[in-house]
Amino acid sequence: MSREPRAYILFLFLFLSHGMASHRVPDSRQDLYPLLQKMAEEIIDGSYLNALLDLIQFQSSHGWTADLSHRVLEYLNSRNVAFTIPSLQAAMENHLEQRLYQPQKLLEDLKETDAQQFRTAMKCLLEDKKDRLELEDVVIDLGEIRKQALQSPGVNRSLFLITLERCFQVLNSLECVEILGRVLKGSSGSFLQPDIPGKLPRHLQEDAFKNLSAVFRDLYDQTSAHSQRALYTWMTGILQTSSNATDDSVSWVSAENLWILGRYMVHLSFEEITKISPVEIGLFISYDNATKQLDTVYDITPDLAQAFLERISSSSFDMRNTSTIHRQGWGLWASQHFPKMLGLLVCFYHDLDLLDAAVAQVLLHQMIKCSHLRGFQAGVQKLKANLLDIATENQTLNETLGSLSDAVVGLTHSQLESLSPEAVHGAISTLNQVSGWAKSQVIILSAKYLAHEKVLSFYNVSQMGVLLAGVGTQAFYSMDRRDLLQVLRSTISLHVSDLSPAQQQGVLSKMIEAGDTVSGILEIQGAFFKEVSLFNLRREPGFNTTVLKEKELRRSQALFLFELLSKTTRRPEELLSTGQLVKGVTCSHIDAMNADSFLAHFHYFENNLSLLSPYQVNCLAWKYWEVSRSSLPPFLLAALPAHYLASVPASQCVPFLISLGKSRLDSLVLDTHKKNSVLRKVQQCLNNSIADEFMVDIVGDLLCHLPAATIHHGVSPRAWATALHRLRDCPHLSPEQKAAVRLRLLEQQGLPGNWTAETTKDLGPFLVLFSGDELSSIATKFPDILQQTASKMAGTLLPKEFLWAVFESVRNSSEKSLSSDPSPGCHGVVAPSSGDIFTLAEANACWAPEDLLCMEEHTFIRNVELLGAVRAFDQPQLMTLKEKAVQFWDTPSYWKEYHIVSLGRIALALNESELEQLDLSSIDTVASLSQQTEWTPGQAKSILQGFLEDAGYRIQDLKSFHLVGLGTTLCAMNITEVSLIQISEFRVVVARIGTLLCSTHVLAEFKRKAEVVFGDPAKWSGPVLQELGTIAAGLTKEELQMLDKDLMPYFQPSAIKCLPDEIFKELSAEQIASLGPENAAAVTPAQRRQLSVLQLQSLQRALDGAKTRSWLDTPPSASPTRTVSSASTLGAPSAWGLWLCCPLLVLMAETVW
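Residues numbered from 1 in each chain as written. Predicted model: local features only at pLDDT ≥ 70, side-chain atom pairs only at ≥ 80, totals over all residues. Heavy atoms only, no water.

**What to know about the pattern of salt bridges**
Right, so step 1: Going through the model one piece at a time under the given rule, you end up with 39 salt bridges.
Right, so step 2: Glu41 is paired through a salt bridge with Arg79; the nearest N and O atoms lie 2.0 Å apart. Highlighted residues: Glu41 in helix α3 (residues 34-45) and Arg79 in the loop between α5 (66-78) and α6 (85-101), separated in sequence by 38 residues.
Right, so step 3: Looking at Glu41, the relative accessible area reads 21%, which means it is partly exposed. (Salt bridge = Lys/Arg side-chain N within 4 Å of Asp/Glu carboxyl O. Helix = DSSP H or I, 4+ residues; strand = E, 2+ residues; numbered from the N terminus. Buried < 20%, exposed > 50% of the residue type's maximum accessible area, 1.4 Å probe, protein only.)

In structure tokens, the structure reads:
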């Protein structure tokens, strides 16, 4: 954080200090301006904020001169006020910090300002042309101060509330709306609690009302459902009052009012929609911006959408005419321009009876946007399928393929297989942009396209877009290297990140072939660069900071490159500001920086904390403690040993909480015991309670870590709504914390059976905390909300009871139809439908095996990818689904690559004999299987042997991309087989192999190969240890003991976990103490049990972040070795206040308006 704000805090008494040495004895007050006299009186009374505002007001119309300082000081002396510069400085600092860290007191101060002072304060929040205040030799960056204020926890809430309370009485409404908008932008909608609309003025001039409505529309997604409803009520109250409607039979909903409501139009009732005049709805649809508005009604329901469509059809628009659906200027409507007249309403189109193929195709193009809807996707898929049937009526798929938009993702394997290569080639400009393809579909389409092209060149690859992922690894490797270079330099390179690791390695292998004079490494951008091996980096001479700016780096790459470039680059900022190179900063680099350089460049580290390891942060903390502990950023205290928290005095608790609340505590503190120490300090600062919403703002993300007791009993009712808003985003609440939140919700909201729709939406993320019985009423009353909530949590492991509630809600609301020709044993069984499977997602795990067994063929084939992605399926369910695959696709020996790829986890049910029947000649097929991590050793061995036999390879023939594609199945090799891997192939995929959790003897054999590449383990460097990953766990105890203790932090945590217990215990106490916090936290309980008392003490030091380098571990009470000089010659203000600077001083902003 910059130290420049120190000058800002001192500016008032700097004004007063000008000319002090020659001030005359005061004998009158008549030559002091009245406003400055008032300011002086406020200084005497301790009303410093009022004094500052008066000074700003004075300076806006008068120039400041040195003699004014004389006069103010004379006046103070005449009142027998013995102010000295140091005492005035101390008083000002204390006042400003109190208002910064106690924003509720700032709110009270602003309430007590007079009208002119308040006007000045509000004007300071408006952005004027002049953003620097220059008075004599003091320069204040007003824009930066304003920015800090609007981002300061609690302070921006104070400014919002006082603006709401007083601004409309003092300034014109347009200015107040602008201020509210600016303050709200930094609030993420959390300020807009349901009670706020009740405080808004009911009578606003038209422009101000429209502007404020626009602010609320922009914050719609960040606003709670209750607040949305309250804001809608406020907006409609004004709109109804201003409408010309004379009775209930005439709707107040005009075209303009619909436009003003924006996304809030979804809150109109069904009855209000049906009363809208056909003329008004027609006029609204004709607006140029109506399309954009209707494109954003993501939370509209089918019933309301149908109501709007009915009103549109009642106007002059023909819903079955393409001229209604598409717009081109004011003339004819042309489908090729894809205008979006109906917006998301098209997702609920239902009048299909008289549609022709052309209109169906137009509607399908419109429906691309339907993926943005919040829920109801099963209905969308059904509508697309129906439109697809109409669009292809009397035509073949080959003829219509390019005009079906993203509905083509609904085509089955057999339908895609039936396409001709010519048809795919002709439609490639459409197919290459479609999102939502399954990998198996991409494989089929890519094969069709390339069958037409014959040769894989840059031109035909550049046409493939999203279908690039279907090109085989071997095909990439067979491409001409010059074509691949063009691919990496063109826009198609954006799709390289979609390739599997095996495919990416196939590209890399070709780019960096032995003997080639020009390496392609420098051409590789983004995440793809992380696949480049350390071995190849060491051979590339062309690295500089410019070429690294757009590349993502593994830590081993960053460590090597930072060291390499630091030898030729003398400016630290050049290295620290280059892409992800900061990942490679070592403690040695940090230690070598002198104090001034470290402090001047610290902001580079602070701005990239997410890229730094806990060990690097620990090094930064120690360095800062050494050179300037008086200005240490408070969050760094959490990286030091726990007893250093004692250096935080009670008076500095708030800046400590703010700093820590903005940091990632889980990344800063990995040890449970140390984290508890940090939280005890936090609770001490909070006095075990959170009194109001301001304190919620201040604690920030620390709220996610507070003990269950504090959440249950310590959060006041006043603070609870704001706290709940933040708790929604906590990713890893403990079982105890979840139980506390649940109890609190039951106390505040009652049983779920009594909740309203708005309450259910707002508490959506917390529904997982309730029992099945408690959720049953939600599943019955609000099935759509429950299903939408589950959809938002896709990708997380959800409680079984929650999944069952979702399952029951879907089953109860879906159409139940029995098969006309059921399989034996399926009479009376309601089998899964495509709509059910699509909606259920992870809740598909609730199907009984017998239900899955009754699934019809078309349902299985259309949904096999979705079923294969369900993580909670158990073995009986997977076995049943495998049986369905055999039933519909024949035995595994007949399965093609796309069949195998589509199975996902279902493939885990294949036994060793069935795996041996698969055609595993393609490394891409094997790579899809190796993505599963639950294979038994026998199954993994079958996959490995199947690939070798089907592809006709020996171990020694394997290329680097084969090794990457084999993935976890490499662990099925024996040590003899590992020894046969070619060093030239192994050395370029070391990092990938180092992610595998193989047995100790296999890792030991890989380690022996690493010795051939990197030399004697005793001479390995930090980058090498990082690169090796788990392979480093294959070191012998003798080799481990020979490693320098300073290398211990460069082991990956996964390698520490993989070290055998009997090997780990051979580490010396010094080596263990040097592990660093992250590696120390990776030590397993079994490893810990083998350690001696001395080793355990060393482990605790590492966990605690104790210093292991050359400096002495100075106790917190010691004096700093260096104190940073103040930006002012009058001495430095409190360091804690400086680190956060002083956003309050935004109120000292503009001098001209």
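**Describing the packing of aromatic side chains**
Right, so step 1: Inspection of the entire model under this criterion finds 23 aromatic pairs.
Right, so step 2: Between Phe860 and Phe888, the ring centres sit 5.7 Å apart and the planes meet at 45°, which makes this aromatic pair tilted. Highlighted residues: Phe860 in helix α51 (residues 857-868) and Phe888 in helix α52 (residues 875-889), separated in sequence by 28 residues. For the pair Phe860 and Phe888, a shared accessibility class is recorded, and that class is buried.
Right, so step 3: Taken together, a centroid distance of 5.8 Å and an interplanar angle of 45° make the contact between Phe947 and Tyr953 tilted.
Right, so step 4: The buried category is assigned to Phe947, whose relative accessible area is 0%.
Right, so step 5: Through pairs of rings, three or more aromatic residues link up here, namely Phe598, Phe602, Phe605 and Tyr624.
Right, so step 6: Against the face of Tyr477 rests Lys510, its NZ or CZ located 5.4 Å from the ring centre.
Right, so step 7: The positively charged end of Arg744 is found above the aromatic ring belonging to Trp720, 4.4 Å away from the centroid. (Phe/Tyr/Trp six-rings, centres within 6.5 Å; stacked < 30°, edge-to-face > 60°. Lys NZ or Arg CZ within 6 Å of the ring centre and 35° of its normal.)

**Notes on unusual backbone geometry**
Right, so step 1: With a phi close to 65°, Asn394 is a non-glycine residue in the positive phi region.
Right, so step 2: Along the polypeptide, Asn394 turns up in the loop between α21 (377-391) and α22 (397-400).
Right, so step 3: The backbone phi angle of Asp890 is positive, close to 80°, even though this residue is not glycine.
Right, so step 4: As for its placement among the helices and strands, Asp890 is situated in the loop between α52 and α53 (897-903).
Right, so step 5: With a relative accessible area of 39%, Asp890 lands in the partly exposed category.

**Thoughts on helix α12 (residues 206-218)**
Three or four residues apart is the spacing at which side chains of an α-helix point the same way, because the helix has 3.6 residues per turn.
Right, so step 1: The terminal C-alpha atoms of α12 lie 19 Å apart, and with 13 residues this matches the ideal 18 Å at 1.5 Å per residue to within 8%.
Right, so step 2: Residues of α12 that are buried include every one of Ala208, Phe209, Lys210, Leu212, Ser213, Val215, Phe216 and Arg217, and no others.
Right, so step 3: In this fold, the buried residues of α12 make contact with α11 (173-185), α13 (225-242) and α14 (255-261). (Expected span 1.5 Å × (residues − 1). Contact = heavy atoms within 4.5 Å.)

Geometry only, nothing functional implied.
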